[in-house]
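Breakdown of the fold
Here is how the chains run, residue by residue.
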Amino acid sequence: MLYIINKSHTDNLALSKCLQTASATDVVLLIEHAVYAALELSQSPLTAMAGSAVTVYALSPDMQARGVQQAACLDFIQYVDYAGFVELVAANQPIRSCF
Amino acid sequence: MLYIINKSHTDNLALSKCLQTASATDVVLLIEHAVYAALELSQSPLTAMAGSAVTVYALSPDMQARGVQQAACLDFIQYVDYAGFVELVAANQPIRSCF
Amino acid sequence: MKISIQINASPYQHQAADSAWHFIQAALVAGHQIYRVFFYHDGIYNALRDSRPPGDERDIVKRWSALQAEHGIDLVVCVSSAQRRGLLEQSVARKVGGYEAALADGFRIAGLGLLMEAIIDADRHICFGS
Amino acid sequence: MKISIQINASPYQHQAADSAWHFIQAALVAGHQIYRVFFYHDGIYNALRDSRPPGDERDIVKRWSALQAEHGIDLVVCVSSAQRRGLLEQSVARKVGGYEAALADGFRIAGLGLLMEAIIDADRHICFGS
Amino acid sequence: MKNIFFIIDKPLHGNIQTQEFIDIALMAAAFDQRVLMLFEGDGVYALLQQQTPEAIGLKNSSPLLKALSVYDINDVFVEAESMRERGLSSEQFVIEVNVCPRAELKQQQETADQLFSF
Amino acid sequence: MKNIFFIIDKPLHGNIQTQEFIDIALMAAAFDQRVLMLFEGDGVYALLQQQTPEAIGLKNSSPLLKALSVYDINDVFVEAESMRERGLSSEQFVIEVNVCPRAELKQQQETADQLFSF
């Protein structure tokens, strides 16, 4: 399952909730204000996920827009641009937009 | 200071944040989806506030609209209708809408 | 007391317009003066004349118009918020072939200066948002 | 792959319309087919023809119209969401004296059936919201 | 026929969103799709009895929930954890529902062709 | 002259809200009111350098922050706790700010004639 998260974790519990049930076959994609959760010092629920089997992507154009640097992010985060976003959509089913 | 909170505490941290600094001279008013926080079993940040000096009101028409019964609410909650909302606005300054 | 109101959210999708309207009704009953209602951000959608909700629901736009007609309350839509989102001043609409009558009865379009005036002159300024 | 898109939020105040547009561009480049873009809830405000953002910003409405003109993508605005919020079908507008040309170029107004069709026929359906 | 899973995580009254969302579910059923509905998070409050939105001038949408069975939507689930966190029991609800643990609902969602939330 | 306190608790880019909100603050300054600005919560991210919203086709609003001093808005505060929670230091910001603890900012807010958030 592909979870698309678009809200900051300090605003909304969508990220926490999806991480509670996400398993090794699941993919989480952070877009829009949710990219702040990729930051190592964000105190986001992702910071406790190192070593977990869940795959987490962040949308790099949304990071650039916000000045979120890859060097400051958790090391298990992977990065995609919009082309990669499309590939994630094509490769995963079902998809849940957690808005 | 009068804090007006309008979002559910499971959606948003506005209520938690205002309770961190609220003092005996402050008043908190719950409106719209925030009225769920008045429920005793809501696990809202208010459930830890019994005995605190902060005054908390809930807007009763918004409670009625949502089926939130006074009997199920925390016992220190006070209730106002829109007329009471206006009185709180007239009696307090400044006012912070935590939207 | 002079109370000024600001609406920052679209109607129907958020309760802001409803909450504000009930608040204003109660304030008027209590003898307060509503100095102005200022529509900002997505709040400008409250002024779209062509809104046609189902017959068994409240009509938010008409309710605002009635508030102006009955109590003379000043309903001001922010020009820059409105222009960005598709609600034009009559003179601009005329120039660009837009909808001159898009604004519902009782509203007027004006600049942020009228918001400042409200904040400065009123005893209280209350925001309703999403 | 056939991909269908749904937009649930107003333009400018939320990033949904931007995210969806960039996604669609990338999907087209990758050779996918965009089956339909369906505008629901406050998403219908994306179709207001009179939107005039400042000249140094992207024009979201025009960008949608261009997407239809250049790629023939079906842009459908939900009739019930639209009517409630102030965007009328031409025939209805004509009847009630509303703005017949309120809908920007390239959009059409239709019922929820077209959303169902998209969900059933497309391989993927992606929602963008607030 | 597709399996379409509708997830409601917001209350019913106060704004039009949930009502408009349920309209999609009813339309899906009218199109003979298999519709599953899940109430979780604050969405469980949508099921409460004694909601009187008339108190704030809003139309009561609870009848929309009762219409689900008319549209043959019978797979209506509520997340057990969300109910427990709010101290709710299914006797307080306007319709009959299946109370399921989160983990089980996750498995169900994985089999869906389409997940819908708003 | 009124003391008007503007509280920014949302990031700068992605949507128009914060930009439109800052427009009110600039207008207040133009009307010779005493303007105080407070960045707290995710609002502290608004101050970050190296934001390039052009990457998603958006206008860069960072110059708006630099315009604050032009409008004689010099009382710009950042909540220390919000910065610490996000591991940020003021060298990462595009403008000079006063870093203050939450409790002190609360006292300041109490003296305001008008608190503004969005």
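Counting from 1, residues in each chain are numbered in the order their sequence is written. Here every chain gets a letter starting at A, and every ligand a number starting at 1, in the order they are written. Local features in this predicted model are restricted to residues whose pLDDT is 70 or higher, and side-chain atom pairs enter the listing and the counts only when it is 80 or higher, whereas totals over whole chains, interfaces and linings include all residues. Just so you know, side-chain values use all the structure's heavy atoms and leave hydrogens and water out.

**Considerations on the overall build of chain A**
When helices and strands are counted, chain A shows three helices and five strands. Helices (α) and strands (β) of chain A occur, in sequence order from the N terminus, as β-α-β-β-α-β-α-β. Note on method: radius of gyration uses C-alpha positions; expected globular size equals 2.2 Å times residues raised to 0.38. By the compact-globule yardstick of 13 Å for 99 residues, chain A fits well, its C-alpha radius of gyration being 12 Å. Think of it in three bands: residues with accessible area under 20% of the maximum for their type are buried, residues over 50% are exposed, and the middle band is partly exposed, with areas taken using a 1.4 Å probe on protein chains only. When the 99 residues of chain A are sorted by exposure, 64% land in the buried category. Each helix corresponds to a stretch of at least 4 residues labelled H or I by DSSP, and each strand to a stretch of at least 2 residues labelled E; elements are numbered beginning at the N terminus.

**As for the arrangement of the chains**
Between all twelve pairs of chains that are in contact, chains C and D come out with the most contacts. Throughout, a residue-residue contact means that at least one pair of heavy atoms, one from each residue, lies within 4.5 Å. No interface is formed between chain A and chain C, the nearest pair of C-alpha atoms being 13 Å apart. There is a gap between chain B and chain D: no contact, and a shortest C-alpha distance of 13 Å.

**Notes on the interface of chain C and chain D**
Contact residues are listed per partner, giving 25 residues for chain C and 25 residues for chain D. Two parts placed together each lose some accessible area under a 1.4 Å probe, and the buried area is that loss summed for both. If you sort the residues of chain C by the area they bury against chain D, Q13(C), R52(C) and R84(C) come out on top, with a joint share of 30%. Any carboxyl oxygen of Asp or Glu that lies within 4 Å of a side-chain nitrogen of Lys or Arg is treated as forming a salt bridge with it. Scanning the region where chain C abuts chain D turns up two salt bridges. The partner of R84(D) in a salt bridge is E57(C), with the nearest N and O atoms 2.5 Å apart. In terms of residue count, the dominant contributor to the side of chain C that touches chain D is helix α3 (residues 79-85) of chain C (three residues). Just so you know the grouping, Ala, Val, Leu, Ile, Met, Phe, Trp, Tyr, Cys and Pro go in nonpolar, Asp, Glu, Lys and Arg go in charged, and all remaining residues, Gly too, go in polar. By residue class, the composition of the side of chain C that touches chain D is nine nonpolar, ten polar and six charged.

**Quick word on the environment of Y12(D)**
Following the sequence through the fold, Y12(D) ends up in the loop between β1 (2-7) and α1 (16-29). Using a relative accessible area of 1% as the deciding quantity, one classes Y12(D) as buried. Each C-alpha atom of the pair Y12(D) and I60(D) lies 8.0 Å from the other, and the pair is 48 residues apart in sequence. Apart from the residues within four sequence positions on either side, Y12(D) is in contact with R84(C), S51(D), P53(D), R58(D), D59(D), I60(D), N15(F) and I16(F).

**Here's the deal with the relation of the copies chain C and chain D**
Of the transformation placing chain C onto chain D, the axial shift is 0.0 Å and the rotation is 180°, giving an RMSD of 0.0 Å. Here the transformation between the copies is reduced to the relation of a two-fold axis. It is Y99(C) whose C-alpha, among those of chain C, lies nearest the rotation axis, at 3.2 Å. Looking at the interface residues of chain C, 100% of them are also at the interface in chain D, so both copies use one shared face. Here the copies are matched by least squares. The fit uses the C-alpha atoms of residues with pLDDT of at least 70 in both.

**Topic: the sheet that holds strand β3 (residues 55-59) of chain B**
For sheets, the rule is that strands pair by backbone hydrogen bonds, running either parallel or antiparallel. All names here are of chain B. The strand order across the open sheet built from five strands is β4-β3-β2-β1-β5, with neighbouring strands paired in parallel fashion. Sheet topology places β4 (78-80) and β5 (95-98) at the edges, where each strand pairs with a single neighbour. Across the sheet, the mean angle separating the axes of adjacent strands is 25° when strand polarity is ignored. Bridge count between strand β2 (residues 27-30) and β3: four bridges; the pairing is parallel. Bridged to L30 within β3 is A58. A pair of strands counts as paired when DSSP detects no fewer than two bridges linking them. A fitted line through C-alpha atoms serves as each axis, taken over the contacting stretch for helices, and the angle formed by two N-to-C directions is quoted from 0 to 180°.

**Side note on the pattern of salt bridges**
This model, assessed by the stated rule, comprises 50 salt bridges over all chains. Residue D105(D) pairs with R49(D) through a salt bridge whose shortest N-O separation is 3.1 Å. Of this pair, D105(D) sits in the loop between α4 (90-96) and β4 (107-110) while R49(D) sits in the loop between β2 (33-39) and α2 (60-71); the two residues are 56 residues apart in sequence, bridging distant segments of the chain. A relative accessible area of 33% means that R49(D) is categorised as partly exposed. Taken together, the shared-partner salt bridges connect K17(A), R96(A), E40(E), D42(E), E79(E), E85(E), R86(E) and R102(E) into one network.

**Quick notes on the side chain of H9(B)**
Tracing the chain through its elements places H9(B) in the loop between β1 (2-5) and α1 (14-21). In contact with H9(B), not counting residues within four places along its chain, are L15(B), Y36(B), A37(B), S42(B), Q43(B), S44(B) and P45(B).

**Overview of the interface of chain E and chain B**
Listed by partner, the interface residues are 17 residues for chain E and 16 residues for chain B. Approximately 1300 Å² of surface area, both sides summed, lies buried where chain E meets chain B, with 51% of it carried by carbon and sulfur atoms. The tally of links from chain E across to chain B stands at zero salt bridges. Any pair of nitrogen or oxygen atoms within 3.5 Å is treated as a polar contact; in protein, a donor-acceptor pairing is required on top of that, and neighbouring residues in sequence qualify only through side-chain atoms on both sides. Run the count over chain E and chain B and you get four residue pairs in polar contact (both at pLDDT 80 or more). When grouped by side-chain class, the residues that make up the side of chain E that touches chain B number six nonpolar, eight polar and three charged.

**Some details on the environment of Y3(A)**
As for its placement among the helices and strands, Y3(A) is situated in strand β1 (residues 2-5). The contacts of Y3(A), once residues within four sequence positions are left out, are C18(A), T21(A), A22(A), D26(A), V27(A), V28(A), L29(A), R96(A), C98(A) and K106(E).

**With respect to the state of the cysteines**
A covalent bond bridging the sulfur atoms of two cysteines is what the word disulfide describes. Disulfides are defined as cysteine sulfur pairs within 2.5 Å. Inspection of every chain in the model, using the stated rule, returns zero disulfides over all chains. Left without a disulfide partner, C78(C) is nearest to the cysteine sulfur of C127(C), which lies 13 Å away. Among the residues examined, C78(C) registers a relative accessible area of 0% and is labelled buried. The cysteine C127(C) is free of any disulfide, with C98(B) supplying the nearest cysteine sulfur at 11 Å.

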